[in-house]
Amino acid sequence: MTARTTAHTTAHTTAHTTAHTTARTAWLLTVAMLAALLLLALLSAGLGAYDIPLGDVLASVRSRVGVGGHALERSAESVLWNIRLPRVVLALLVGASLGCAGALTQGVFGNPLAEPGVIGISAGAAVGAVGSIALGWSFLGTWTVSACAFVAGLATVLLVYAMSREGGRTEVVTLILTGIAVNAFAGALIGLFVFFADNAQITQITFWQLGSLAQATWPKVLAVLPCAVVGLALAPPYARQLDLLALGERPARHLGVDVERLRVVLILVVALLTAAAVAVAGVITFVGLVVPHLLRMAAGPGHRFLVPGSALGGAVVLVAADLAARTVAAPAELPLGVLTALLGSPFFFWLLRRTRRRQGGWA
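A brief structural summary.

Here is what the cut-offs are and how they apply
- Residues numbered from 1 in each chain as written.
- Predicted model: local features only at pLDDT ≥ 70, side-chain atom pairs only at ≥ 80, totals over all residues.
- Heavy atoms only, no water.
- Helix = DSSP H or I, 4+ residues; strand = E, 2+ residues; numbered from the N terminus.
- Rg over C-alpha atoms; globule rule 2.2 N^0.38 Å.
- Buried < 20%, exposed > 50% of the residue type's maximum accessible area, 1.4 Å probe, protein only.
- Lys, Arg positive; Asp, Glu negative; His and termini not counted.
- Charge placed at Lys NZ, Arg CZ, Asp CG, Glu CD.
- Phe/Tyr/Trp six-rings, centres within 6.5 Å; stacked < 30°, edge-to-face > 60°.
- Axes fitted to C-alpha atoms, helices over the stretch in contact; angles between N-to-C directions.
- Parallel < 35°, antiparallel > 145°, perpendicular 65-115°, else oblique.
- Left-handed = near helix turned anticlockwise from the far one by under 90°.
- Contact = heavy atoms within 4.5 Å.
- Nonpolar A, V, L, I, M, F, W, Y, C, P; charged D, E, K, R; others polar.
- Salt bridge = Lys/Arg side-chain N within 4 Å of Asp/Glu carboxyl O.

Remarks on the overall build of the protein
Logical step 1: The secondary structure content of the protein amounts to 14 helices and two strands.
Logical step 2: At 22 Å, the protein has a C-alpha radius of gyration in line with the 21 Å of a compact globule built from 363 residues.
Logical step 3: Along the first, second and third principal axes, the C-alpha set of the protein runs to 80 × 55 × 35 Å.
Logical step 4: Relative to its full complement of 363 residues, the protein shows a buried share of 46%.
Logical step 5: In the protein, which carries 23 positive and 14 negative side-chain charges, the distance between the mean positions of the two groups comes to 11 Å.

As for the packing of aromatic side chains
Logical step 1: By the definition in use, this model includes two aromatic pairs.
Logical step 2: Here the aromatic rings of Trp137 and Phe139 are separated by 6.1 Å at their centres, their planes lie at 55 degrees, and the arrangement is tilted.
Logical step 3: The exposure class of Phe139 is exposed, given its relative accessible area of 55%.
Logical step 4: Ring centres of Phe195 and Phe196 lie 5.1 Å apart, and the angle between their planes is 85 degrees; this geometry places the pair in the edge-to-face category.

What about the packing of helix α4 (residues 121-134) against helix α6 (residues 172-196)?
Working note: a packed helix pair is described by the angle between its axes plus the distance between those axes.
Logical step 1: Where α4 contacts α6, the two axes come as close as 9 Å, and the packing angle between them is 15 degrees. By the criterion of interaxial angle, the relationship of α4 to α6 is roughly parallel. With respect to the hand of their crossing, α4 and α6 are arranged in left-handed fashion. Packed against α4, whose contacting residues are Ala123, Ala126, Val127, Val130, Gly131 and Ala134, the element α6 presents Asn183, Ala186, Leu189, Ile190 and Phe193 at the interface.
Logical step 2: When the residues that make up the contact of α4 with α6 are grouped by side-chain class, the tally is nine nonpolar, two polar and no charged.

So, the pattern of salt bridges
Logical step 1: This structure, assessed with the given rule, holds six salt bridges.
Logical step 2: Linking Arg253 and Glu249 is a salt bridge whose minimum nitrogen-to-oxygen distance equals 3.3 Å. Separated by four residues within a single helix, Arg253 and Glu249 lie in helix α10 (residues 249-254), roughly one turn from each other.
Logical step 3: Look at Arg253 and you get partly exposed, because its relative accessible area is 34%.

Everything listed is a geometric property; what it means functionally is a separate question.
Given below as structure tokens:
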């Protein structure tokens, strides 16, 4: 009896210590990411073809919010507030949306290799954007491409979900396989649109497919802001249910989780976040895959930190990637989607090998 009590006490103490260490790690990571995001945002606002000293950036911001500082000369003020800051804020929102969507996708599918594109959202949004360009649509003016991308992304994920559902339930494997098929079909449609497009349209399509924040404006920030805020606000309350789902569908159901409803809600949240991001920034890959997995490796699999942490980490990664895209090959600008793919692909290959090695093969 004494031995059993001692063992129980030891196990309880170990679990408490582990939980305390994980919470401390999560807190430190949050502080570090916030500090990195602030520093990167300031650097991104100042660096470029027209350099603005950091002190001037801070002075202008303080002047605008009414806490001292001073306005800059006309050209510097225009560059900072009409070009740089909209781009920084858009990078922050898009990165946060993609990072959070990646964490939710991995939680819903129970697979660290999953990312938002696996259920066809990005491909569907690409079809909407490319189709509107190739067909010459302009019914919403400059917003036509973004609106078509957003609507097509949402429609695609609803179609994938409807095709995967049978008998009131949706199997994860069926959902993923349907997403793969839809992605292939979307690729074929994009190729068809490109085939019939003229040279000017092909240039625009290529620019959009490669992903970029070069055309960032305050109206585009305002367009993605509601979707990002709603999606990022809806996600964290489902952290506990995602932790229970990680135990398996049957145990989660026994513990009171409505698995089907959880999947529907979170897939719609993922669609909202991803479609809005793709609509304003084009196709940017690997942020939703890499960021959640890095945080999971550092602070454990608990979704209470992982979901908001992935949003913060995604913002850090995309602001940093956009700064690199603008400055590494200056005066030219690297496509943002290409840069994230170049950096994310090696990590993905390593992740595949690591997962395979841990599981002793795929069989």
